[in-house]
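# Structural overview for review
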Amino acid sequence: MNDPQAVSFGPLNAVAFSPEKPQWLVVFCHGYGASGTDLVGLAEAIEEAAPEVAGRMEFLFPEAPIDMAEWGIPGGRAWWPINMQRLLSLTQAGSLLELVDEVPPGIEEASRQLQSGIKARLQALDLPEDRLILGGFSQGAMVSTHLTLTGALQPRWLVLFSGALICRPAWTEYLSSHPDLGQKLNVFQSHGKYDPVLPFAGAQMLGQLLESSGIPLDFWAFGGQHEIPGGVIEKLAKRFESLDQ
């Protein structure tokens, strides 16, 4: 695989691993406080597990819009701000599921910027939206879910590493008004059973919401924490092998 190259991605910075004529665009969004290149290792890992299909994919990694240097995290980025004091209090109280109905301030703007970048890149590659695979880790998984479930984009696959249910009223309303979404979208979801950052129950609630709307869901629970284990990447790569079937 070639070294990552900076690419044009609307209002955001991004790097990509790209073959000569990609047939798929794979966009993976990093989590809160990570760098824009935090997930680039996924490209090589997927290529090792499924070299034939990976050779037809451009793997693109956008950098979230918010610079966290002023908050003491140099090099860190965020899709929207998080009230860490409140989050810590809810975690200590075991009440994180209180957040499922909230719309985080900033998620709409982050979704618009991500949408703009994806549309620009699809146009540059001359690919339709159904050749898009969108996802990410943690906060990156949630902004990807929001962008997809509010109907601004229609990827073929949504890939959710350690995401959770938020924005429940808006997501539920969109899913209810688009009963055919399950004919267009597939979801791959993974989550650690002992995740101390985003409880496993929040991931289960998200999966149940998707399945109840008729969306095919491939859910992988693993005995770990807030992470993407190698076994999950291998399973995702195998799913990608059936993309053109």
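Structure report, in brief. (Residues numbered from 1 in each chain as written. Predicted model: local features only at pLDDT ≥ 70, side-chain atom pairs only at ≥ 80, totals over all residues. Heavy atoms only, no water.)

Below, the discussion takes up unusual backbone geometry. In this model, Ser 138 sits at a positive phi of 60°, which is unusual for a non-glycine residue. In this fold, Ser 138 is placed in the loop between strand S7 (132–137) and helix H5 (139–149). A positive phi angle, near 55°, is found at Ser 162, a position not held by glycine. On the basis of relative accessibility, which here comes to 0%, the residue Ser 162 falls in the buried class. (Helix = DSSP H or I, 4+ residues; strand = E, 2+ residues; numbered from the N terminus. Buried < 20%, exposed > 50% of the residue type's maximum accessible area, 1.4 Å probe, protein only.)

Turning our attention to the packing of helix H6 (residues 168–177) against helix H7 (residues 200–212). Direction vectors running N to C along H6 and H7 enclose 20°, while the axes themselves pass 10 Å from each other. Viewed along their axes, H6 and H7 adopt a mutual orientation that is roughly parallel. H7 is crossed by H6, and the crossing has right-handed handedness. Between H6 and H7, the residues in contact are Arg 168, Trp 171, Thr 172 and Leu 175 and Met 205, Leu 206 and Leu 209, respectively. Its residues assigned to classes, the contact of H6 with H7 comprises five nonpolar, one polar and one charged. (Axes fitted to C-alpha atoms, helices over the stretch in contact; angles between N-to-C directions. Parallel < 35°, antiparallel > 145°, perpendicular 65-115°, else oblique. Left-handed = near helix turned anticlockwise from the far one by under 90°. Contact = heavy atoms within 4.5 Å. Nonpolar A, V, L, I, M, F, W, Y, C, P; charged D, E, K, R; others polar.)

Looking now at helix H1 (residues 41–49). Three or more residues of H1 are buried, namely Leu 42, Ala 43, Ile 46 and Ala 49. When H1 is viewed along its axis, its buried side chains cluster within an angular range of 135° and face the same direction. (Arc of directions from axis to C-beta.)

Turning our eyes to something else, we now look at the sheet that holds strand S1 (residues 5–6). Sheet strands pair via backbone hydrogen bonds, and the direction of the pair is either parallel or antiparallel. With respect to topology, eight strands assemble into an open sheet ordered S1-S2-S4-S3-S7-S8-S9-S10, the strand pairing being mixed. Of all the strands in the sheet, the pair left with one neighbour each is S1 and strand S10 (217–222). Pairing between strand S9 (residues 186–192) and S10: six bridges, direction parallel. Within S10, the residue paired with His 191 across the bridge is Ala 221. Taken strand by strand, helix H4 (residues 107–125) contacts strand S3 (24–29), strand S4 (57–62) and S7, and its axis lies near 155° from that of S3. (Pairing = 2+ DSSP bridges.)

Within the structure shown, the criterion is met by nine salt bridges. Asp 180 serves as the salt-bridge partner of Lys 184, at 3.4 Å between the closest nitrogen and oxygen. Taking the shortest distance from any N to any O, the salt bridge between Lys 238 and Glu 241 comes out at 3.8 Å. Using a relative accessible area of 39% as the deciding quantity, one classes Glu 241 as partly exposed. (Salt bridge = Lys/Arg side-chain N within 4 Å of Asp/Glu carboxyl O.)

Without other data, these values stay purely geometric and don't point to any function.
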